[in-house]
Amino acid sequence: MVGVVGCATLAAVLAGCGAAPLEAVVVDPRSLAMDLVAHWTFDEGSGTVVGDHSGNGHDGQLTGGAWSGDGRFGGALTLASGDQVVVSDFPQATPNWTVSVWTRASAAQLAADTADTGTILSTETVFAGGWQLHLDNRAGYQRFDAAYWAGSTVNDYVVDFCQCIVEGRWIHLTVVFDDGAGSVSLYQDGTVVDRMNMPIPILTGDSTLFMGTWNMSGRFLSADLDDFAIWSRALTAGEVAELSQRPPPDSF
């Protein structure tokens, strides 16, 4: 696990004690529109189309689900077991890739998430490629995890996780796949909570992006979703901190 060491005084922060605090102060929020692949606000309120606000046309098809006005920012989408959003013809991950989500689960929803891993987002093809983000409330886990198949180099998945599920609270999770730095970082509410080595870039996964399930049976999610966004670059720590306070700007 990786923690974030704070500066001792405000003066030290302003003087640039560590890159992350200084970057969080000076980041331009408009930078979050750069290299935005998709952004789903879940503000529709009705219907079966989950609109992509990036301008790239990656709208999702909703099966089941319930629209809510009680989102982290505006509206939200509530999924129960078996509900799902499917985004067809979704781009494969680039070597540098960032995924940002807001999610919330009540006591009843968490109780429904104990039988299997719950998929928040996934393009995983098991033991082959893609990437995934889960809520895993099974006994002995009680965590969020982000993972990808690293191929025969390590013959396993690279997994970041945090045991940071909080009942009834909106939680912001960001996964930064940084091939240049050779690391995968998981942020919770703007703070790094885990970091693993990234031996190779993300391999080719499913061409369909799933929310609430994956490309095989099960892994159903019971939770509320809001403002999911994906970038074809590794966001900086300052940009992640900005995202923990507000959604990314739409490109239209």
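The structure this text deals with has already been given above.
This text gives an overview of the structure that appears in the document. It should be emphasised that the depicted structure is a prediction, and the values quoted were computed from it without experimental measurement.

Side note on the overall build of the protein
Across its full length, the protein carries four helices and 16 strands. Buried positions account for 50% of the 252 residues belonging to the protein. A separation of at least 24 residues holds for 64% of the contacts in the protein among residues at least 6 apart in sequence. Entry remark: accessible area of the protein is about 10400 Å², with carbon and sulfur atoms responsible for 54%.

Regarding the nonpolar core
Grouped together as the largest cluster of nonpolar side chains are 47 residues, with contacts concentrated most on Trp40, Trp97, Trp131 and Tyr148. Ranked by size, the runner-up nonpolar core spans 11 residues in total, among them Leu36, Val176, Leu235 and Val240.

Focus: the pairing of strand E1 (residues 36–40)
Summarising burial for E1: five of the five residues are buried, a large majority. Of the strand pairs in this sheet, E1 and strand E16 (residues 223–231) are connected by four bridges, and their pairing is antiparallel. Across the sheet, the residue bridging to tryptophan 40 is phenylalanine 228, located in E16.

So, a nonpolar patch on the surface
Together, Val126, Phe127 and Met216 make up an exposed nonpolar region whose accessible area comes to about 290 Å². Looking at the secondary structure, you find phenylalanine 127 in the loop between strand E8 (118–122) and strand E9 (131–136).

What about the packing of aromatic side chains?
If you walk through the whole model with that rule in mind, you get seven aromatic pairs. Measuring from centroid to centroid gives 5.6 Å for phenylalanine 73 and tryptophan 102, while their planes differ by 85 degrees, and the two rings are edge-to-face. Separated by 29 residues along the polypeptide, phenylalanine 73 in the loop between strand E4 (66–68) and strand E5 (76–79) and tryptophan 102 in strand E7 (residues 96–104) bring together distant segments of the chain. Judged by relative accessible area, which is 16%, phenylalanine 73 ranks as buried. By way of ring pairs, the aromatic residues Phe127, Trp149 and Tyr157 are connected into one cluster. Here the basic side chain of arginine 72 rests over the ring of tryptophan 102, its NZ or CZ set 4.7 Å away from the ring centre. The side chain of arginine 219 reaches across the aromatic face of tryptophan 214, ending 3.5 Å from its centre.

Observations concerning the side chain of serine 100
Structurally, serine 100 is set in strand E7. The exposure class of serine 100 is buried, given its relative accessible area of 3%. Apart from the residues lying within four places of it in its own chain, the contact partners of serine 100 are His172, Leu173, Thr174, Asp227, Phe228, Ala229, Trp231 and Leu243.

What to know about the pattern of salt bridges
Enumeration according to the criterion identifies 10 salt bridges in this entry. Between aspartate 28 and arginine 30 there is a salt bridge, with its nearest N and O atoms 2.9 Å apart. The exposure class of aspartate 28 is partly exposed, given its relative accessible area of 33%. Notably, a salt bridge pairs arginine 233 with aspartate 35, separated by 3.5 Å at the nearest N-O pair. Remark: aspartate 35 occurs in the loop between helix H2 (19–26) and E1 and arginine 233 occurs in the loop between E16 and helix H4 (237–243); sequence separation between them is 198 residues. Since its relative accessible area comes to 15%, arginine 233 is described here as buried. For aspartate 35, a relative accessible area of 40% puts it in the partly exposed group.

A word on the state of the cysteines
Formally, a disulfide is one covalent bond, and it connects the sulfur atom of one cysteine to the sulfur atom of another. Enumeration according to the criterion identifies one disulfide in this entry. What pairs with cysteine 162 in a disulfide is cysteine 164, and their sulfur atoms sit 1.9 Å apart. Its relative accessible area of 4% is what places cysteine 162 among the buried residues.

Describing the pairing of strand E6 (residues 84–87)
Bridging between strand E3 (residues 60–63) and E6 involves three bridges; their strand directions are antiparallel. Bridge pairing links glutamine 61 to valine 86 in E6.

Structural notes on unusual backbone geometry
Excluding glycine, a negative phi dihedral is what most residues carry, and trans is how most peptide bonds are arranged. One non-glycine residue, aspartate 35, lies in the positive phi region at around 60 degrees. Residue phenylalanine 127 is not a glycine yet carries a positive backbone phi of 55 degrees. For phenylalanine 127, a relative accessible area of 59% corresponds to the exposed category.

Parameters and conventions
- As a convention, each chain's residues are numbered from 1 in the sequence order in which they are written.
- The model is predicted, so local features are restricted to residues of pLDDT at least 70 and side-chain atom pairs to those at 80 or more, both for listing and for counting; the totals for chains, interfaces and linings are taken over all residues.
- Side-chain measures were taken over the full set of non-hydrogen atoms in the model, leaving aside hydrogen atoms and water.
- Only DSSP runs of H or I covering at least 4 residues are called helices, and only runs of E covering at least 2 are called strands; the numbering of each starts at the N terminus.
- Relative accessibility thresholds used throughout: buried, under 20% of the residue-type maximum; exposed, over 50%; partly exposed, between the two (1.4 Å probe, protein chains only).
- In this analysis, two residues are considered to be in contact whenever any of their non-hydrogen atoms come within 4.5 Å of each other.
- Per-residue and other accessible areas were derived by the Shrake-Rupley procedure at a 1.4 Å probe size, with only the shown protein chains allowed to occlude residues.
- Here, nonpolar core refers to any group of buried Ala, Val, Leu, Ile, Met, Phe, Trp, Tyr and Cys residues whose side-chain atoms link them within 4.5 Å.
- When DSSP finds at least two bridges between two strands, those strands are taken to pair.
- Like-charged residues within 9 Å of one another, or nonpolar side chains (Val, Leu, Ile, Met, Phe, Trp, Tyr) within 5 Å, are grouped into patches, provided each residue has over 30% relative accessible area and no salt bridge.
- Any carboxyl oxygen of Asp or Glu that lies within 4 Å of a side-chain nitrogen of Lys or Arg is treated as forming a salt bridge with it.
- Note on aromatic contacts: the rings of Phe and Tyr and the six-membered ring of Trp form a pair at centre separations within 6.5 Å, being stacked when their planes are under 30 degrees apart, edge-to-face when over 60 apart, and tilted otherwise.
- Charge over a ring is defined by NZ of Lys or CZ of Arg lying within 6 Å of the ring centre and within 35 degrees of the ring normal.
- Any two cysteine sulfur atoms lying within 2.5 Å of each other are counted as a disulfide.

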